[in-house]
Amino acid sequence: MTIPGRRHFLFALGLSVLLAGGASSSLYVSRAYAQQPPASQELAAQEPAPQQPAAEGGGWDFEEEEEEETPTWADDIRAQALDIALVAGFSVLAFVSFFRKSVRLEYVTLVASVLILGVYKSLLISIVNVFGLLGGNLPIFRYNLAWYLLAVITLVSTVLWGRVYCGRICAFGAFTQLLDATLPARWRVNIPRAIERRAAWIKYGILTAVVAYFLITKNPLIYPYVEPFWMFGLHLRTPVLLTLLGTLLITTVFVRNAYCRFLCPLGAFLGIVSNLTVFRIKRWSECSTCRICEKKCEWGAIRGPKIVMTECVRCDDCERLYADEKKCPHHLILIRKADILARRAAQGRA
Amino acid sequence: MKRLAIVLSLLAATAALTAAGAQNQTDARLKRLFPAATTFSPKAGDPPHVKAYNGDTLLGYAFWTTEILPLERGYGGPIAIMVGMDTKGILSGLVIIEHHEPYGDFSIDPPSFAAQFKGKDVRDPFKLGEDIDAVSRATITMSSAVRTIRNSSRRIARAYLTPPSAASPSR
């Protein structure tokens, strides 16, 4: 690894430590709150009969004391074991499919994402969590271990490899990618590159706008208007939202993955984080002239010799091409060179 | 100058009306929790609460979960719930005041959620999937809402109610 690479890795570690630190500090504060001295004298005097409660539990003998007083981490973890196992299992599947560059496993991952993270658990990373990060309103760590596992995997994987979350973990992204795979390819409209490049900026505009809206109004209730995946709850049925969702789904039939590529504010947030990406996709020297991958990339993430990390969702399409000895010029040229050399050698001998 | 005075007085009137409206709303909610109550005390104490009276008899306590446990959080932040509890530690009901939960619409907003808590004893376990119905796809919201109701009720009970253990230690 190069030195800048290592610096990025340290940044990744720092980010995850920050996240975990934020969570544990909120726990610490809640404990401190519990130890606040009881009623001030003035207020206590107003009480009709201030029965002095006994020191511990006030004689109530509650089955389970409040969380601050008797930590029962084992119980909490046991209660969440199924969810944690689901997230861990799914993540293993997602990353095995990612590292093996297997097409079949990738589709298994996408289906699993829609079914488990989408329909069954609705475990999502949302713009609401970006608001939470800004306003200190993240879910409480101890009670939401599965969600935090997903959040840490999302952040750390984004720093290490880029928007893997968008490419194969997010249930809505998985859903539109599966749509893309099932709908006839001839319905597909390939929009011109110039427009595509500009449209990719829309999501940053949306991110800025909703974050500004949140910071000004302190109201996070803007999320259903910018995030269609809350439809997994099948509950937000206002005419405006249904129209927005309908328009988006119809658009997606023609412009595949339109939401992820152009509109998603969370994708924009992860896109900003992905500028730090440590392990980037390697490029051959031939990539500066060859355009096969650039044409193949459905995410508009390849521009000439460069891969635009903020748009790349690590779908593996170009990496599979690099490895393909029948299609990638890098291998074709090498093979031809070898052939020529072999022929020359044979001629020389003759 | 005159214009400024008009604008200021209009603003003041709006603020007063809003405040009065909020007070009316609070009164209506208190009445829902304690239909038999004739008067309510102003909010006071630590933990803060409102006392409900029928004449001179104390019917119970109403309190706001976010005032007792300000650090409890769901998916999108604190879930404000107003809870009513009688003098024996039986919940008389609850009203969802405010929240920012994306899946609130099918988890804590339906009246069936609040209805489950009416008549619950503060010593009940309050466990999702056991004595409270779990809602799939809204685990974070549901667990936070139930936790905040349970823990704030327990804190109020510990502070203001006579523990029944002396009378009936078996419970």
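Residues numbered from 1 in each chain as written. Chains lettered and ligands numbered in written order. Predicted model: local features only at pLDDT ≥ 70, side-chain atom pairs only at ≥ 80, totals over all residues. Heavy atoms only, no water.

**Student:** Tell me about the overall build of chain B, and name the residues and values.
**Tutor:** Counting its regular elements, chain B contains four helices and five strands. Seen in sequence order, chain B has helices and strands lined up from the N terminus as α-β-β-β-α-β-β-α-α. The principal-axis extents of the C-alpha atoms in chain B amount to approximately 70 × 45 × 25 Å. Every one of the 171 residues in chain B was classed for burial, and the buried ones make up 48%. Within chain B, contacts between residues at least 6 apart in sequence are counted, and of these 53% link residues at least 24 apart. Within chain B, the 15 negative side-chain charges are centred at a point lying 4 Å from the centre of the 20 positive side-chain charges. (Helix = DSSP H or I, 4+ residues; strand = E, 2+ residues; numbered from the N terminus. Buried < 20%, exposed > 50% of the residue type's maximum accessible area, 1.4 Å probe, protein only. Contact = heavy atoms within 4.5 Å. Lys, Arg positive; Asp, Glu negative; His and termini not counted. Charge placed at Lys NZ, Arg CZ, Asp CG, Glu CD.)

**Student:** Got a sec to walk through the overall build of chain A? Specific residues and values, please.
**Tutor:** Secondary structure assignment for chain A yields 18 helices and two strands. Counting the 350 residues in chain A, one finds 46% classified as buried.

**Student:** Talk me through the state of the cysteines; I want residue IDs and the actual numbers.
**Tutor:** Each disulfide consists of a covalent bond between the sulfur atoms of two cysteine residues. Residue and element names in this part refer to chain A. All told, the structure shown has zero disulfides over all chains when counted by the stated rule. Looking at Cys260, it has no disulfide partner, and the nearest cysteine sulfur is the one in Cys170, 6.3 Å off. Residue class for Cys260 comes out buried when judged on its relative accessible area of 8%. Its sulfur unpaired, Cys312 is 6.3 Å from the next cysteine sulfur, which belongs to Cys318. (Disulfide = S-S within 2.5 Å.)

**Student:** Account for helix α4 (residues 139-160) of chain B, with residues named and values stated.
**Tutor:** In a regular helix each residue adds 1.5 Å, so 22 residues correspond to 32 Å; α4(B) covers 31 Å between its end C-alpha atoms and thus fits that length. Within α4(B), 20 of the 22 residues are buried, leaving the element largely enclosed by the surrounding structure. (Expected span 1.5 Å × (residues − 1).)

**Student:** Break down the packing of aromatic side chains for me, citing the residues and quoting the values.
**Tutor:** One pass over the full model with this rule turns up 22 aromatic pairs over all chains. With centroids separated by 4.9 Å and ring planes inclined at 85°, the aromatic side chains of Trp230(A) and Tyr103(B) adopt a geometry described as edge-to-face. A residue pair is termed interchain when its members come from two chains, as with Trp230(A) in the loop between α12 (223-226) and α13 (239-254) and Tyr103(B) in the loop between β5 (91-98) and α3 (111-115). Of the two residues examined, Trp230(A) and Tyr103(B), each falls in the buried class. Put simply, the rings of Phe141(A), Trp147(A), Tyr148(A), Tyr223(A), Phe229(A), Trp230(A), Tyr75(B), Tyr103(B) and Phe106(B) touch in pairs and so form one group of aromatic residues. Over the aromatic face of Tyr120(A) sits the side chain of Lys121(A), whose NZ or CZ is 5.3 Å from the ring centroid. (Phe/Tyr/Trp six-rings, centres within 6.5 Å; stacked < 30°, edge-to-face > 60°. Lys NZ or Arg CZ within 6 Å of the ring centre and 35° of its normal.)

**Student:** Tell me about the pairing of strand β2 (residues 50-54) of chain B, and name the residues and values.
**Tutor:** Residue and element names in this part refer to chain B. As paired strands, strand β1 (residues 39-40) and β2 are joined by two bridges and run antiparallel to one another. Paired with Thr39 across the strands is Tyr53, a residue of β2. Here β2 hands over to strand β3 (residues 57-64) after two residues, with Gly55 in that stretch at a positive phi of 65°. (Pairing = 2+ DSSP bridges.)

**Student:** Give me the nonpolar core: which residues, what numbers.
**Tutor:** Ranked by internal contacts, the top residues of the largest apolar core, which has 99 residues, are Trp147(A), Ile169(A), Phe113(B) and Phe117(B). When residues in this core are grouped by element, the largest group, 10 residues, is from helix α7 (residues 145-161) of chain A. Residue contacts for Ile169(A): discarding those within four places in its chain leaves Phe90(A), Ala94(A), Phe95(A), Ser113(A), Leu117(A), Leu150(A), Ile153(A) and Val164(A). (Core = buried A, V, L, I, M, F, W, Y, C linked by side-chain atoms within 4.5 Å.)

**Student:** Lay out unusual backbone geometry in plain terms, naming residues and giving numbers.
**Tutor:** All names here are of chain B. Cis rather than trans, the peptide bond between Asp46 and Pro47 has omega equal to 5°. Mapping Pro47 onto the fold places it in the loop between β1 and β2. Even without glycine at this site, Phe126 takes up a positive phi of about 55°. Mapped onto the elements, Phe126 comes out in the loop between α3 and α4. At Arg137, a residue that is not glycine, the phi angle is positive and equals roughly 75°. Of note, Arg137 is situated in the loop between α3 and α4.

**Student:** Tell me what's going on with the environment of Cys170(A), and back it up with residues and numbers.
**Tutor:** All names here are of chain A. Tracing the backbone shows Cys170 in the loop between α8 (164-169) and α9 (171-182). Spatially, the C-alpha atoms of Cys170 and Gly267 are 9.9 Å apart, while their sequence positions differ by 97 residues. If we ignore the near neighbours within four places in the chain, the residues touching Cys170 are Ser113 and Tyr165.

**Student:** Before we move on, can you summarise the pairing of β5(B) with the specific residues and values?
**Tutor:** Every regular strand shows the same layout, with side chains that alternate between the two sheet faces. Residue and element names in this part refer to chain B. Burial analysis of β5 places six of its eight residues in the buried class, which makes it a mostly covered element. Here strand β4 (residues 80-86) runs beside β5; their pairing, made up of six bridges, is antiparallel. Across the sheet, the residue bridging to Ile81 is Ile96, located in β5. Counting the residues that bridge the hairpin from β4 to β5 gives four residues, and of these Gly89 lies at a positive phi of roughly 90°.

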